[in-house]
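Residues per chain, in single letters:
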Amino acid sequence: MKSKQKEVYIFTSCSPELKKEQLALWEILEQLQTEWKQKRGISLIYNTHPDTSHDPAVVKYDIYLGVIWTHFSPPSYPFGSGTFEDFHIAYQRYSQDNPAKVIFFLKDYPISPSKIDGEGLYQFQKFIKPLKDKKGLCAYYYDRDEFCIAVKQYLNRQISFISSGGYLKRES
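For the structure given in this document, a descriptive report is provided here. Because the structure is predicted, anything quoted here is derived from the model rather than measured. (Residues numbered from 1 in each chain as written. Predicted model: local features only at pLDDT ≥ 70, side-chain atom pairs only at ≥ 80, totals over all residues. Heavy atoms only, no water.)

A look at the nonpolar core
Right, on to step 1. Formed by 28 residues in total, the largest nonpolar core has its most connected members in Phe-105 and Leu-155.
Right, on to step 2. Elements supplying a minimum of two residues to this core: strand 1 (7–14), helix 1 (19–40), strand 2 (43–47), strand 3 (63–68), strand 4 (101–107), strand 5 (138–141) and helix 4 (144–163).
Right, on to step 3. In terms of residue count, the dominant contributor to this core is helix 4 (7 residues).
Right, on to step 4. Counting residues in hydrophobic clusters, the runner-up holds 15 residues, among them Ile-68, Tyr-91, Val-102 and Phe-124. (Core = buried A, V, L, I, M, F, W, Y, C linked by side-chain atoms within 4.5 Å. Buried < 20%, exposed > 50% of the residue type's maximum accessible area, 1.4 Å probe, protein only. Helix = DSSP H or I, 4+ residues; strand = E, 2+ residues; numbered from the N terminus.)

This is how it looks when you write it as structure tokens:
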């Protein structure tokens, strides 16, 4: 009899200004995919943005990981931004007691005044204000190294929880 293999679905969105973090996230996911497959037979199925073929309202995930700094991605209807749309839908799912784990990694690093997008920064601040009060929903980082450490710790904790019979309901 063939044994069932667990799969953990991870969906990520990243502000376009954070290319280094997006590349680092991809590398971390590939590394964790290898480690968890060997360690416990768990496959990580992950989608990273920008990939317009994956609608977050349709994509099923166990873990949502959003990364942002000073503004969202370029406008898209009706949310004003694809990244904002991803974040909004993930937060709605979280608010409705969906078993998916949601976290937003917020870059806390100075930016030159000449590069500040005032409207983008306003929209960003408006979105994250209610998130700051929710325990475990936001994590702050200063640079790429801090980001990598925080993301790897978070994902390992969540995957470990799932692999020990946590909220995961899907098996192939």
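Quick notes on the sheet that holds strand 5
Right, on to step 1. Spatially, 5 strands are ordered 2-1-3-4-5 in an open sheet, and the strand pairing comes out parallel. Edge positions in the sheet fall to strand 2 and strand 5, since each of these pairs with one other strand and no more. Strand-to-strand twist in this sheet, taken as the mean axis angle between neighbours without regard to direction, amounts to 20 degrees.
Right, on to step 2. As defined by bridge partners, strand 4 adjoins strand 5 across 4 bridges and the pair is classed as parallel. The residue of strand 5 that forms the bridge with Phe-105 is Ala-139.
Right, on to step 3. Relative to strand 2, helix 1 is tilted by about 160 degrees, and along the sheet it contacts strand 1, strand 2, strand 3, strand 4 and strand 5. (Pairing = 2+ DSSP bridges. Axes fitted to C-alpha atoms, helices over the stretch in contact; angles between N-to-C directions. Contact = heavy atoms within 4.5 Å.)

Describing the environment of Glu-146
Right, on to step 1. With respect to the helices and strands, the residue Glu-146 is situated in helix 4.
Right, on to step 2. Sequence separation between Glu-146 and Lys-107 is 39 residues; the distance between their C-alpha atoms is 9.8 Å.

A short note on helix 4
Since there are 3.6 residues in each turn of an α-helix, residues three or four apart along the chain are aligned in direction.
Right, on to step 1. Compared with the 28 Å implied by 1.5 Å per residue over 20 residues, the 28 Å span of helix 4 between its first and last C-alpha is a close match.
Right, on to step 2. Against strand 1, helix 1, strand 2, strand 3, strand 4 and strand 5 lie the buried residues of helix 4.
Right, on to step 3. Measuring from the backbone nitrogen of Asp-145 back to the side-chain oxygen at the start of helix 4 gives 3.3 Å, which picks out Asp-143 as the cap.
Right, on to step 4. Downstream of helix 4 by one or two residues, Gly-165 has phi in the positive range, about 95 degrees. (Expected span 1.5 Å × (residues − 1). Polar contact = N/O pair within 3.5 Å; in protein donor to acceptor, adjacent residues only side chain to side chain.)

A few points about the pairing of strand 4
Right, on to step 1. Judged by how many residues are buried, strand 4 sits mostly within the fold: 6 of 7 residues are covered.
Right, on to step 2. For strand 3 and strand 4, the ladder comprises 6 bridges, and the chain directions are parallel. Bridge pairing in strand 4 places Tyr-64 opposite Val-102.
Right, on to step 3. The β-α-β motif built from strand 4, the intervening helix 3 (residues 118–128) and the parallel element strand 5 has right-handed crossover chirality. (Right-handed = clockwise from strand over helix to strand, strands pointing away.)

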